Amino acid sequence: MNITRLAIDGLEHGLITDEHPTIAFSLSSDAPGEDLASARVRVGDWRVETTDQVGIVYDGPLQPYTEYIVEVEATGTSGAVAAATATFRTGRRDRPWIARWITDGTYETPKKLSPVPMVFRTGFTVGKPVRRAWIEATALGVYELDLNGRKVGDEYFAPGFTSYDHNLQYQTYDITDRLDASNELVVTVAGGWAVGSYTFKRKNKTYADRQALLSEIHIQYEDGTMDVVATGPDWQVAVDGPVRMAEWYDGETFDARITAADMTWKPVTLTSPRAYPALRAQYGSPVRAQATLTPISQTVAPSGEVVYDFGQNFSGVIHAVVRGRDGQTVVFRHAEVLVDGELFVKSLRTAKATATYTAIDGTQTYSPRQTYMGFRYVGVSGIDPDDLELTALVLHTDLLRTGSFTSSNERLNNLQSAIEWGGRSNFVDIPTDCPQRDEREGWTGDYAVFAATASYNFDMGRFLGKWMRDIAAEQTRGGGIPMVVPRAGNGFPPMATSVWGDVCILGPWAEFLARGDKGMLRRNYPVMKKFLTAAGWWSKLLSTGDKRLVWRFPFHFGDWAAPEGRAQDWIARGRWVGTAYYANSCGIVAQIAELLGEPAEAKRYRALRADIIRAYRNVFTDGAGTLTGKGDFQTAYVLPLHFGMTDGAETEAMAGNLVRLIDANNGHLSTGFPGTPYILFALSDNGRIEEAFDLLLQTGAPSWLYMVDAGGTTIWERWDALREDGTVNIADLQSGKDDGSGGMVSFNHYAAGAVGDWLYKRVAGIEPTAGGYKTFRVAPLMGGGLTSAEGAVETPYGRASSSWTLDGDRFTLRVEVPVSARCAVVLPDGTETEVASGVHEFTCAVDALVAVP
């Protein structure tokens, strides 16, 4: 038996924390049926005996700047023993900063624009042998460190995007091997999210009037003495450095001719933040370069621009090797699609998405560091292609890939790839709606509907945990949650609204089911309760009888981004969507209350859910499964079917009505964000397996495979983002006409990729039934002509997988169960078996006509 992974706060190595960490470990064993019998976890003099493998909280002493060794010894039920160790370090632990916040107090940030990046510098000497040296830094803005002419660390966009009035991270960089006798530290701070132009309204100075830096260099000598070099009045600042412009939407302008000798240096100004955020060692995962892409083709546009196609839509930056001459300017423009051979940029709205580089003589390298773009195509001008070597760096948050899905249908495999790339592209420190246009905000509704798919494909623990801190911080006293988190100047007032607000429940619940750590639930349980209290208050407003449980006010996005109608039509469906999600969230919170040892609250939420279901039936339906009036739309049937709000003949009638509406739409879905994740579940789980596969494999617009067949390598925001005639749908949301604004169209918008959840749970058939897949179910569905499918997920206990093939009428299933887990296997012939850890194979005969409709 072996300990295959020992993680501390989700990291196997490199954790620096100011908080008590959580320990988890997974096992592998050659012994079939192996379980953990007991484990000893030790940190110094602290130790605990446990039968848990996840959620083990170290609550012993923590001193600042100390390394701790975690030792785990696990004993299996077979008697086998395994051991492993890992380490973590503590950060400041609230030790007061010697450093002072510094800025250029004479600089005025232009209206609606991002500020020019500030460059700070200081020098210091080292005269004795060094045991350890490190830098701690944070900023209002986004910063990058250079020590002795070389970048420190490999992160982008530190300190990360948080609700800066409440939460601010600092980073720690080891520089022990980077020091010379004489040293210079240079820090470039761009406006970023705190000061720069942000939101489509181009608001700036949201959290600060200008950039500011806080940093300490700690040098620990072999003789036991210590030096600290801290930001203060002896530092210098300049605003005429080589990065002439940097912002999220317009890009970056870099002049390689400018050196430190050319810059106008002056003493810094001491400053302080407007608010007093909690300053903690980094608790989220950083953004890093994850891959390098090379162009698959190079063409010349009718305009003369040289166009490079990277073959994949993604978030990132170009990386250029330029053979240039002094003063030569090279321009790199970015776009998601081409129209008539030219970059199509109208959909970017006001975003310029351009990197401009002014060269020096000779061969040089350039890649933007203070911004990123969402793109597949790059148009280059100002240089002969023979003098340019162009690649691209994929940027997103460090996320451990945990899930996979493949099948015998290559289109579905391409769809899964688009789902994964859509997630990666929008997990850039926060879950954004899109990575390319003048938005890139943390819209809560997008993540709410995608949460289960995200937590299957990636370990979202640190990423989601960081974001949920800001959701909790920005929740209003009345329980409302901003539609965008961090709010960062977004114009929508915070309020309790369905789907978008439900993220405070759906996000942590999905991550608990995938990872099994109750800590995520416990930390966010008060937020969930406040939100549901607000939903209840708004439901009762100006209502009587059952309508006091219908959630109508103050506002819902309704069936947002449905392929039919316009924005006002989607919003008008809010009461149906809101009421169904209200019932569902009450049911989930009831389960969470049970898990957290709150049975009375669980009982209350179950009763409330039952009352809301009764109200939905009485107010919106004829009592027999048919929605009346304006409620006869697909999502209004999908939600009660999937949320378990129907009974008996009512269920059959609702499923029939859903099929009726699909047939009336020529076999297409017409669901928006709230219903799309669940429409295939609503069909397949209610006896309509053939219809579910037909809808999945539909290739005409609107459909998932229409996007794939049209060349989409990520998921689109609108089902008809690219029309069948090759034009881009940039129609205004209200009028439905092209008014020149660029409309609302993104080719990298992950929400509709929530269909992945059905691929994993129904086609591959692998579904958690307890947190972290401690127990799970494998029950594959066959259909659509598929002859094989496989889903695999790295659970906290180890790898779980389901792989099946169909050869004629012979069905073969291979199931992998990790140590300490149990799996309920359901074969297509109805045979049910429970198995323990190990690899198991099952076969049965199936009626080919039933298996492959």
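To keep things clear, this report deals only with the structure shown in the data block. Just so you know, these numbers come straight off a predicted model, no measurement behind them. (Residues numbered from 1 in each chain as written. Predicted model: local features only at pLDDT ≥ 70, side-chain atom pairs only at ≥ 80, totals over all residues. Heavy atoms only, no water.)

## Let's talk about the sheet that holds strand β18 (residues 236-238)
Each strand in a sheet pairs with another by means of backbone hydrogen bonds, the pair being arranged parallel or else antiparallel.
Link 1 in the chain: Within the open sheet, the six strands sit side by side as β13-β12-β15-β10-β18-β21. Their pairing is antiparallel. Edge positions in the sheet fall to β13 (150-151) and β21 (266-267), since each of these pairs with one other strand and no more.
Link 2 in the chain: Bridge count for strand β12 (residues 142-147) against β13 is two bridges, and the pairing is antiparallel. Pairing of leucine 147 across the sheet is with arginine 150, part of β13. (Pairing = 2+ DSSP bridges. Helix = DSSP H or I, 4+ residues; strand = E, 2+ residues; numbered from the N terminus.)

## Quick notes on empty space enclosed by the protein
Link 1 in the chain: Scanning the entire structure with this criterion turns up eight cavities of 30 Å³ or more.
Link 2 in the chain: Lining the largest cavity are Ala452, Ser455, Tyr456, Ala510, Leu513, Ala514, Asp757, Lys761, Pro768 and Tyr773.
Link 3 in the chain: Among the secondary structure elements, those contributing two or more residues to the lining of the largest cavity are α3 (444-457), α5 (503-515) and α15 (756-763).
Link 4 in the chain: Considered class by class, the residues forming the lining of the largest cavity number seven nonpolar, one polar and two charged. (1 Å grid on protein atoms, 1.4 Å probe; cavity = no way out; pocket = protein on both sides within 12 Å on 5 of 7 lines; lining within 4 Å. Points joined across faces, edges and corners; volume = space filled by probe spheres on them. Nonpolar A, V, L, I, M, F, W, Y, C, P; charged D, E, K, R; others polar.)

## Focus: the side chain of serine 684
Link 1 in the chain: For serine 684, the location among the structural elements is in helix α12 (residues 679-684).
Link 2 in the chain: On the accessibility criterion, serine 684 (7% relative accessible area) is buried.
Link 3 in the chain: Polar side-chain contacts of serine 684 include one of 3.1 Å to the side chain of aspartate 685.
Link 4 in the chain: In terms of polar contacts, serine 684 uses its side chain to reach the side chain of tryptophan 758, at 3.0 Å. (Buried < 20%, exposed > 50% of the residue type's maximum accessible area, 1.4 Å probe, protein only. Polar contact = N/O pair within 3.5 Å; in protein donor to acceptor, adjacent residues only side chain to side chain.)

## Regarding helix α9 (residues 599-620)
Link 1 in the chain: Under the 1.5 Å per step criterion, the end-to-end length of α9 is 31 Å for 22 residues, consistent within 8% with the ideal 32 Å.
Link 2 in the chain: Buried within α9 are the following residues: Glu601, Ala602, Tyr605, Ile612, Ile613, Ala615, Tyr616, Arg617 and Phe620.
Link 3 in the chain: In this structure, the buried residues of α9 make contact with α6 (518-540), α8 (574-595), α10 (634-642) and α11 (648-664). (Expected span 1.5 Å × (residues − 1). Contact = heavy atoms within 4.5 Å.)

## Topic: the pattern of salt bridges
Link 1 in the chain: Scanning the model with the defined rule gives 52 salt bridges in all.
Link 2 in the chain: Linking arginine 274 and aspartate 209 is a salt bridge whose minimum nitrogen-to-oxygen distance equals 2.8 Å. With arginine 274 in the loop between β22 (269-271) and β23 (278-281) and aspartate 209 in the loop between α1 (192-195) and β16 (212-221), this residue pair connects regions lying 65 residues apart in the sequence.
Link 3 in the chain: Residue classification places aspartate 209 among the partly exposed residues on the basis of a relative accessible area of 40%.
Link 4 in the chain: Here glutamate 717 ties to arginine 437 by a salt bridge, and the two come within 2.8 Å at their closest N and O atoms. Of this pair, glutamate 717 sits in the loop between α14 (704-709) and α15 while arginine 437 is found in the loop between β36 (430-431) and α3, placing the two residues 280 residues apart along the sequence. (Salt bridge = Lys/Arg side-chain N within 4 Å of Asp/Glu carboxyl O.)

## Details of a nonpolar patch on the surface
Link 1 in the chain: On the surface, Ile98, Met226 and Val228 cluster together into a nonpolar patch covering about 250 Å² of accessible area.
Link 2 in the chain: For valine 228, the position within the fold is in strand β17 (residues 226-230). (Patch = residues over 30% accessible without salt bridge, like charges linked within 9 Å, V, L, I, M, F, W, Y side chains within 5 Å. Areas by Shrake-Rupley, 256 points an atom, 1.4 Å probe, with all protein chains shown as cover.)

## A few points about helix α4 (residues 461-474)
Link 1 in the chain: With 14 residues, α4 extends 20 Å between its outermost C-alpha atoms, agreeing within 8% with the 20 Å of an ideal straight helix rising 1.5 Å per residue.
Link 2 in the chain: In terms of burial, α4 is largely enclosed, as ten of its 14 residues are buried.
Link 3 in the chain: Arg462, Phe463, Leu464, Gly465, Lys466, Trp467, Met468, Asp470, Ile471 and Glu474 are the residues of α4 that are buried.

## Quick word on the pairing of strand β38 (residues 775-778)
Link 1 in the chain: Burial along β38 is one-sided: Phe776 and Val778 are buried, and none of Thr775 and Arg777, which face the opposite way, are.
Link 2 in the chain: In the sheet, strand β37 (residues 766-768) pairs with β38 via three bridges, with the strands oriented antiparallel. Looking across to β38, one finds that glutamate 767 is bridged to arginine 777.
Link 3 in the chain: The antiparallel hairpin formed by β37 and β38 contains six residues in its connecting segment, where glycine 772 sits at a positive phi of about 70°.
Link 4 in the chain: Examined bridge by bridge, β38 and strand β42 (residues 822-826) share four bridges and lie parallel to one another. Each residue of the ladder has a partner; that of threonine 775, found in β42, is arginine 822.

## Regarding a positive patch on the surface
Link 1 in the chain: There is a patch of like positive charges on the surface, built from Lys111, Lys112, Lys201 and Lys203.
Link 2 in the chain: Relative to the helices and strands, lysine 112 is located in the loop between β9 (101-103) and β10 (118-125). (Lys, Arg positive; Asp, Glu negative; His and termini not counted. Charge placed at Lys NZ, Arg CZ, Asp CG, Glu CD.)

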